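# Report on the structure
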Amino acid sequence: MVNNRKKIIDTASHLFGEKGIEKTSLADIAKEVGISKGTLYYYYATKNDLIFDITEVHMEKITGGIFSLIEKNKGDVSWKGMMKLLVESLLKSETRTRLHLYLLQEVLSGNPELKKRFIRTYNQWFKMVEDGYKMITSSSKDISVQARILVSVIDGMIIQASIGVNDVSLDSILAEISKIIDD
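Report on the accompanying structure. (Residues numbered from 1 in each chain as written. Predicted model: local features only at pLDDT ≥ 70, side-chain atom pairs only at ≥ 80, totals over all residues. Heavy atoms only, no water.)

### Some points on the pattern of salt bridges
One pass over the structure, following the stated rule, counts four salt bridges. Ionic pairing is found between Arg5 and Asp53, a salt bridge with its closest N-O pair at 3.7 Å. With Arg5 in helix 1 (residues 2–19) and Asp53 in helix 4 (residues 47–73), this residue pair connects regions lying 48 residues apart in the sequence. What makes Arg5 partly exposed here is its relative accessible area of 32%. For Asp53, a relative accessible area of 22% translates into the label partly exposed. Across the salt bridge formed by Lys6 and Asp10, the nearest N and O atoms sit 2.7 Å from each other. With Lys6 and Asp10 both in helix 1 and four residues apart, this pair spans about one turn of that helix. Judged by its relative accessible area of 49%, Lys6 falls in the partly exposed class. (Salt bridge = Lys/Arg side-chain N within 4 Å of Asp/Glu carboxyl O. Helix = DSSP H or I, 4+ residues; strand = E, 2+ residues; numbered from the N terminus. Buried < 20%, exposed > 50% of the residue type's maximum accessible area, 1.4 Å probe, protein only.)

Pasting the structure below:
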């Protein structure tokens, strides 16, 4: 049973990333998974229920990857190096990036349950960036504000990369952000 749920989530994530949430039906997902619509409805009565689970899996993958990067490189990397690793790892997964944007679109379209999940996850990200920054520096600045700036910049870079606006190098962007943070 867990295997079917994972298969449904993986397939739906792929289809949502490829075709978009609105253009992907539960029937499309059932067909791709190789199960009946009735079986799919057993696991997910609505598309929103499926979106909620995908969101959780999606956010856990990103958060887990970021925590792993911080832990793996905490003593050996500068702030700029850590941010570069973080942004590059997020931008590598084009499907996950597109799915993230589609899910944000659902939040902006007025999905209150999904919004609650995103708020909870963003708060985890802020905390994670704060903790990572504390590992790298002994600065007494307002790290919570810096964490919000960094997460906002990363979100913006993901949006820009997904629409093909990448005319400035990541190193240049991070150098400018470093100036702001180090002042």
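Moving on from the coordinates now.
### Quick word on the layout of surface pockets
Counted as a void, the largest pocket has a volume near 200 Å³. Lining the largest pocket, in full, are Leu91, Met157, Gln160, Ala161, Val165, Asn166, Asp167, Val168, Ser169, Leu170 and Ile173. Among the elements of the structure, helix 8 (143–163) and helix 9 (170–182) are those that each provide at least two residues to the lining of the largest pocket. Among the elements that take part in the lining of the largest pocket, helix 8 stands out by supplying three residues, more than any other. Looking at the second largest pocket, its volume works out to about 160 Å³. Ranked by residues supplied to the lining of the second largest pocket, first place goes to helix 1 with four residues. A breakdown of the residues in the lining of the second largest pocket according to their chemical character gives three nonpolar, five polar and three charged. (1 Å grid on protein atoms, 1.4 Å probe; cavity = no way out; pocket = protein on both sides within 12 Å on 5 of 7 lines; lining within 4 Å. Points joined across faces, edges and corners; volume = space filled by probe spheres on them. Nonpolar A, V, L, I, M, F, W, Y, C, P; charged D, E, K, R; others polar.)

### Overview of the packing of aromatic side chains
Scanning the model with the defined rule gives four aromatic pairs in all. Considering the side-chain rings of Tyr122 and Trp125, the 4.9 Å spacing of their centres and the 65 degrees angle between planes classify their relative orientation as edge-to-face. Here Tyr122 pairs with Trp125, and both are found in helix 7 (residues 112–136), just three residues apart, close to one helical turn. Tyr122 sits in the buried class, given a relative accessible area of 14%. Site record: aromatic cluster; members linked through ring pairs are Phe118, Tyr122, Trp125 and Phe126. (Phe/Tyr/Trp six-rings, centres within 6.5 Å; stacked < 30°, edge-to-face > 60°.)

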